[in-house]
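Tertiary structure, described
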Amino acid sequence: PDLAVGTTANGEITSTSLLNHNDGSRHQDYRIALKSGEAVSLELGGSLSGQLAVFDGGNLIAKANTGYYGMEGEGEATASGPVSLAFRAPKDGTYLIAVNSSSADSFGPFKLKAIQVVPYDGKPLAAGSQATDWLIGEQQEYKLKIDKAGLYSITLESSAFDGYLRLNGRNVELEDDDNGGNLNPRIRTWLEPGDYTLTASAVNGNSGSFKLGIAQTQTNGNIATRDGTPLTI
């Protein structure tokens, strides 16, 4: 069947669904027409333990598994959620979306939603700002402009993937994975005025929507920063 951007399709994987001969799982296919450069976020919900894959002809261009947050080799998954996948069309055309069951004995109803992605406008972030964007690809960079020295908290929040955050600039090189709670990264540090670069990525290779927030923490005038100056009694 066809799937239009901005709509939701209801389906179900049963024992009569199309068979994947490599592992015995089942799948149902949808077609979506996109313009070159158009970005779409796909969300797979429902009781089905499933996977998403997007194909351009015979070429796989994006995929996402059931939303397990856990690094490879860490044993059991630490959290789970719906499948979320964002991708950008490389050219005008019709793309195939495959909803796959995660195993040969996985069945159940599902909802597949296609959401138009409105990317972040590209303006530099600053204290008090919050940007909503979609992770498309391995990582994305954002400019951060600090006008006043102070203690800042930078957070990345997502229910679609296990985020990873890096901060570079003005002799600062910091990174974080889970300090924000719920597998979200948070960097809390003293920053001097200047330009910085934030890099957002996913530990588990998934993609999807996230929020990036910058907050300044109020401090009193007696705080001493680590600038190499000797401390006095």
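Throughout what follows, the structure given in this document is the object of discussion. (Residues numbered from 1 in each chain as written. Predicted model: local features only at pLDDT ≥ 70, side-chain atom pairs only at ≥ 80, totals over all residues. Heavy atoms only, no water.)

Quick notes on the overall build of the protein
Note the cut-off: In this text, helices come from DSSP runs of H or I with a minimum length of four residues, and strands from runs of E with a minimum of two, each type numbered from the N-terminal end. When a residue's accessible area, from a 1.4 Å probe over protein chains only, is under 20% of the maximum for its type it is buried; when over 50% it is exposed; and in between it is partly exposed. Contact definition: two residues touch when any of their heavy atoms are within 4.5 Å. Using a 1.4 Å probe, accessible areas were evaluated by the Shrake-Rupley method; residue-level cover was limited to the displayed protein chains.
From N to C terminus, the protein includes zero helices and 17 strands. Buried positions account for 42% of the 233 residues belonging to the protein. When contacts within the protein are restricted to residue pairs at least 6 apart in sequence, long-range pairs at least 24 apart make up 74% of them. Carbon and sulfur atoms make up 46% of the accessible area of the protein, which totals about 12,900 Å².

A word on the pattern of salt bridges
Put simply, the rule is: By definition, a salt bridge exists where a carboxyl oxygen of Asp or Glu is found within 4 Å of a side-chain nitrogen of Lys or Arg.
Counted according to the given criterion, the structure contains four salt bridges. Note that Asp195 is salt-bridged to Lys145, the shortest N-O span being 3.8 Å. On the criterion of sequence distance, the pair formed by Asp195 in strand S16 (residues 194–202) and Lys145 in strand S11 (residues 139–146) is long-range, its members being 50 residues apart. The closest approach of N and O atoms between Glu175 and Arg166, which form a salt bridge, is 3.5 Å. Residue classification places Arg166 among the partly exposed positions, given a relative accessible area of 30%.

Focus on the sheet that holds strand S6 (residues 59–64)
To keep it simple, the criterion reads: Two strands are said to pair when DSSP picks up at least two bridges between them.
An order of S2-S3-S8-S5-S6 is seen for the five strands of this open sheet, with the pairing classed as antiparallel. Of all strands in the sheet, those bounded by a partner on one side alone are strand S2 (18–19) and S6. One ladder, built from five bridges, connects strand S5 (residues 50–56) with S6; its direction is antiparallel. Within S6, the residue paired with Leu52 across the bridge is Ala64.

A closer look at the sheet that holds strand S14 (residues 172–176)
To keep it simple, the criterion reads: Every axis in this analysis is a line fitted to C-alpha atoms, fitted for helices over the stretch in contact. Angles between the N-to-C directions lie between 0 and 180 degrees.
Read from one edge of the open sheet, four strands run S11-S16-S13-S14, paired in antiparallel fashion. Two strands lie at the open edges of the sheet, namely S11 and S14, each paired on one side alone. Each adjacent strand pair in this sheet contributes to an overall mean axis angle of 15°, direction not counted.

Some points on the packing of aromatic side chains
Rules: Pairs were defined over the aromatic rings of Phe, Tyr and Trp, the Trp ring being its six-membered one, requiring ring centres within 6.5 Å. Orientation was assigned from the angle between planes: stacked under 30 degrees, edge-to-face over 60, tilted for the rest.
Applying the stated criterion across every chain yields a total of four aromatic pairs. With centroids separated by 6.3 Å and ring planes inclined at 85°, the aromatic side chains of Tyr142 and Phe210 adopt a geometry described as edge-to-face. Pair noted here: Tyr142 is in strand S11 and Phe210 is in strand S17 (residues 208–217), with a separation of 68 residues, a long-range link. As far as the burial class goes, Tyr142 and Phe210 line up, both buried. Members of the aromatic cluster, connected to one another through ring pairs, are Tyr142, Phe161 and Phe210.

Brief notes about the side chain of Glu38
Using the following cut-off: Charge convention: Lys and Arg are scored as positive, Asp and Glu as negative, and His as well as the terminal groups of each chain are ignored. Each polar contact in these results corresponds to two N or O atoms within 3.5 Å; when the atoms are within protein, one needs to be able to donate a hydrogen and the other to accept it, and residues that are neighboring in sequence are counted only if both atoms are side-chain atoms.
Position of Glu38 relative to the elements: it lies in the loop between strand S3 (26–34) and strand S4 (39–46). In this structure Glu38 is buried but unpaired, with Lys35 as the nearest side chain of opposite charge at 7.5 Å. Side-chain polar atoms of Glu38 contact the backbone nitrogen of Lys35, separated by 2.9 Å. With sequence-adjacent residues up to four places away left out, Glu38 is seen in contact with Val5, Phe87, Arg88, Ala89 and Gln116.

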